[in-house]
Amino acid sequence: MTTLRLVLGDQLNASHPWFRQPEDGCVVVMMEIRSETDYVVHHAQKVLAIFAAMRRFAEALQAAGHRVHYLRIGDPGNRQGFAANLQWLAAHYQATRFERMEADEWRVERLLDEASARLGLPTTVVDAAHFLSERGALAQVFSERVPRLEYFYRDMRRCHGILLDDHQKPVGGRWNFDADNRARWPGEPPAPDWPWTPTDVSALWQEIVAAGVRTLGEPGADALGWPLTRSQARAGLQVFIKQALPHFGRFQDAMSTREPLLFHSGLSFALNTKMLHPREVIDAALEAFEAGAVDIAACEGFVRQILGWREYVRGVYWGRMPDYAQTNALDARRPLPRWYWTGETDMVCLRHAIGQSLRLAYAHHIQRLMITGNFALLAGCDPDAVDAWYLGIYIDAFEWVEMPNTRGMSQYADGGLVASKPYAASASYIKRQSDYCKGCRYAATRRHGPDACPFNALYWDFMLRHEADFAANPRMAMPYRAWQRMDESERDATLTHARYLLEWLDTL
Ligand SMILES: Cc1cc2nc3c(=O)[nH]c(=O)nc-3n(C[C@H](O)[C@H](O)[C@H](O)COP(=O)(O)OP(=O)(O)OC[C@H]3O[C@@H](n4cnc5c(N)ncnc54)[C@H](O)[C@@H]3O)c2cc1C
Ligand code: SF4
């Protein structure tokens, strides 16, 4: 009697009940397969980091006495898909049962359902023992009505007893300290160093290349700077709590050419592959607050990202898929400009955000939302193309979290399910929050003319193009009034310039 237990590359959860102790008759199965490397073109570091972390996880399981069958990408017997590999393994071990954890992605869940059907064995699907809300209940709520983040987050705080006083009121007197979190970073205090010591994974890179996997971005295989084990991830968490969390809230929306992470944690890869549990990350922040090492604004701001946003987007995804993947409320049809794959543009903000993403497979939230996302939104780029780009380029990109952030929050393609208004901004926002504009050949204050910042004319063109969609939204009233106050000649010149820019996007 043998049971095959499948562990996916984003299920590296050492605390899962399966791994409490080795069980007779169980074979843990892990596989590096082309169906997972090829459904979109991924950043080289993403493929490297996932495979390297999987290999280390399998070794740790074996060392703890578990029986593991690991299929490497280049193994001759690897059939490169879930169903074909599982069929071979079931025959090889004469398996009588198949068990798997819930997959986080709709696509993978479907593939695994098909694979189970082909196996024809009794199958059990268990919880991945990671999230702070149960998927079925979450999906039920979000399929009926998507709540606003703020109310969902308050419910999560109450449900998990986080940052509440004895009367169940929010610690600090407010649920949300977002308004305190808008500072530009003047270069002080210094941002902490990158939290992870690089690992040489060049032998693995050779295997990936030899297998013919197509990737984007810089592999950096001789010095991969991402956590590949739980202990490395924990060490990164400690560095963040000590050195960055005290300033997290204040500089959360800041951007700088000098620092990729600033005071962000860089923990999304470790969280999304489940090397870290969200509750342990939240508890580390709460402990720092209770010890007086960080203030309430920093602690609450960080907790909100994990207890609020991370769980919330999962609700949107599981409540609204598969239709969510087809949404295109603003009927955006343009391809992404070519320089999204090279970073070769004169616009410093985009050159920097894209260049950094190609180099590190990482950009922080505001770079994703207000630079690359904002530009694609203003230019009317097709959300399918935008989704594929975000899903490929970031180390932490798994569809359940990438898609609601991209289609919903950033591109407004879901018609406002996630965002109560589009995250559309002109150059003045970017100038206020970053040091990008001072080194740019474009002038952030100009709307038209050869030196005018493209964000400005594109912003007004976007607003006018979608006046029917947004004019009734009270949160959008101010810009429409500002437009009405502008001279007619200024308005004409701005819109004419926008038409020119849209024609020549690839050359900007
Ligand atoms: C267009 C777009 C695409 C995105 N794609 C992804 C993605 O593929 N994978 C991903 O994990 N996040 C994604 N995000 C959310 C967010 O940008 C990243 O989680 C964050 O930048 C990761 O860096 P960090 O670990 O330093 O985060 P920190 O700023 O340190 O935040 C701490 C943690 O909070 C969580 N978090 C923060 N914001 C969000 C959010 N909006 N949604 C979900 N979790 C959040 C993450 O787990 C993160 O690690 C996207 C955001 C946008 C605007
Ligand atoms: S001037 Fe415009 S293009 Fe240049 S960095 Fe600023 S916002 Fe970006």
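Worth saying up front: this structure is predicted, and the values here are computed from it rather than measured. (Residues numbered from 1 in each chain as written. Chains lettered and ligands numbered in written order. Predicted model: local features only at pLDDT ≥ 70, side-chain atom pairs only at ≥ 80, totals over all residues. Heavy atoms only, no water.)

**A word on unusual backbone geometry**
Stage number 1. That bond from Glu188 to Pro189 is cis: its omega, -10°, falls within 30 degrees of zero.
Stage number 2. Within the element layout of this structure, Pro189 appears in the loop between α6 (149–160) and α7 (202–210).
Stage number 3. Omega for the peptide link from Met321 to Pro322 comes to 5°, which places this bond in the cis form.
Stage number 4. Along the chain, Pro322 falls in the loop between α11 (296–320) and α12 (348–360).
Stage number 5. The phi torsion at Ala361 lies on the positive side, around 60°, for a residue other than glycine.
Stage number 6. For Ala361, the position within the fold is in the loop between α12 and α13 (365–379).
Stage number 7. Judged by relative accessible area, Ala361 falls into the buried class, the value being 0%. (Helix = DSSP H or I, 4+ residues; strand = E, 2+ residues; numbered from the N terminus. Buried < 20%, exposed > 50% of the residue type's maximum accessible area, 1.4 Å probe, protein only.)

**Overview of the pattern of salt bridges**
Stage number 1. Counted according to the given criterion, the structure contains 31 salt bridges.
Stage number 2. The closest approach of N and O atoms between Asp461 and Arg465, which form a salt bridge, is 2.6 Å. Here Asp461 and its partner Arg465 are both found in helix α17 (residues 454–465), four residues apart, which amounts to about one turn of the helix.
Stage number 3. With relative accessibility at 35%, the residue Arg465 sits in the partly exposed group.
Stage number 4. Beyond isolated ion pairs, a larger network of salt bridges with shared partners links Arg100, Glu109, Arg110, Asp113 and Arg135. (Salt bridge = Lys/Arg side-chain N within 4 Å of Asp/Glu carboxyl O.)

**Observations regarding the domain arrangement of the protein chain**
Stage number 1. In terms of domain boundaries, the protein chain breaks down into domain 1 (3–126), domain 2 (135–320) and domain 3 (338–507).
Stage number 2. Taken over C-alpha atoms, the centre of domain 1 sits 39 Å from the centre of domain 3.
Stage number 3. Here domain 1 packs against domain 3, burying approximately 1100 Å² in sum over the two surfaces, 59% of which is carbon and sulfur.
Stage number 4. On the domain 1 side of the contact with domain 3, His43, Lys46 and Glu105 bury the most area, a combined 45% of that side's loss. (Domains from an automatic or database assignment. Buried area = accessible area lost by both parts, 1.4 Å probe.)

**Here's the deal with the site of ligand 2**
Stage number 1. Surveying the vicinity of ligand 2 reveals the residues Met347, Cys349, Ala427, Ile430, Tyr436, Cys437, Cys440, Tyr442, Ala444, Cys453 and Phe455.
Stage number 2. Cavity membership is defined here by more than half of the atoms lying within 2 Å of grid points; on that basis ligand 2 lies in the second largest cavity.
Stage number 3. Here the residues of the shell around ligand 2 sort into eleven nonpolar, no polar and no charged. (Near = heavy atom within 4 Å. 1 Å grid on protein atoms, 1.4 Å probe; cavity = no way out; pocket = protein on both sides within 12 Å on 5 of 7 lines; lining within 4 Å. Sits in = over half its atoms within 2 Å of the grid points. Nonpolar A, V, L, I, M, F, W, Y, C, P; charged D, E, K, R; others polar.)

**What to know about the environment of Pro17**
Stage number 1. One can find Pro17 in the loop between β1 (2–6) and β2 (26–31).
Stage number 2. With 198 residues separating them in the primary sequence, Pro17 and Thr215 have C-alpha atoms 35 Å apart.

**Re the sheet that holds strand β4 (residues 68–71)**
Stage number 1. One open sheet accounts for five strands, arranged β4-β2-β1-β5-β6; its pairing is parallel. In the strand order of this sheet, the two ends are held by β4 and β6 (123–126), each with one partner. The sheet shows a mean angle of 20° between the axes of neighbouring strands, taken without regard to direction.
Stage number 2. Of the pairings in the sheet, the one linking β1 to strand β5 (residues 95–101) comprises five bridges and is parallel in character. Considered in β5, the bridge of Arg5 is made with Glu99.
Stage number 3. With respect to the sheet, helix α3 (residues 82–92) is in contact with β1, β2, β4 and β5, its orientation differing from that of β2 by roughly 150°. (Pairing = 2+ DSSP bridges. Axes fitted to C-alpha atoms, helices over the stretch in contact; angles between N-to-C directions. Contact = heavy atoms within 4.5 Å.)

**As for the nonpolar core**
Stage number 1. Among the nonpolar cores identified, the biggest contains 162 residues, and Met30, Leu245, Tyr312, Tyr340, Leu350, Phe375 and Phe455 are the most heavily contacted of them.
Stage number 2. Among the elements that make up this core, the one with the highest residue count is α11 (14 residues).
Stage number 3. Setting aside its immediate chain neighbours within four residues, Leu350 contacts Trp339, Tyr340, Thr345, Gly355, Ile371, Thr372, Phe375 and Phe455.
Stage number 4. Core analysis: the second largest hydrophobic core is formed by 22 residues, Phe82, Ala83, Ala95 and Leu121 among them. (Core = buried A, V, L, I, M, F, W, Y, C linked by side-chain atoms within 4.5 Å.)

**Remarks on the site of ligand 1**
Stage number 1. Residues in contact with ligand 1 amount to 30 residues; listed here are only the nearest, His264, Ser265, Gly266, Asn272 and Tyr362.
Stage number 2. Between ligand 1 and Tyr362 there is a distance of 2.6 Å, counted from an oxygen atom to a side-chain nitrogen or oxygen.
Stage number 3. Contacts to ligand 1 include His365, whose side-chain N or O atom sits 2.9 Å from an oxygen atom.
Stage number 4. Notes on ligand 1: free accessible area 820 Å², of which the protein chains cover 99%. (Polar contact = N/O pair within 3.5 Å; in protein donor to acceptor, adjacent residues only side chain to side chain. Areas by Shrake-Rupley, 256 points an atom, 1.4 Å probe, with all protein chains shown as cover.)

**Describing the side chain of Asp396**
Stage number 1. Relative to the elements of secondary structure, Asp396 occurs in the loop between α14 (383–393) and α15 (399–410).
Stage number 2. Polar contacts involving the side chain of Asp396 include one to the side chain of Ser268, which spans 2.7 Å.
Stage number 3. Within the local environment of Asp396, its side chain forms a polar contact with the side chain of Arg368, the two groups lying 2.8 Å apart.
Stage number 4. The contact partners of Asp396, leaving out residues within four places of it in the chain, are Ser268, Phe269, Asn272, Arg368 and Val401.

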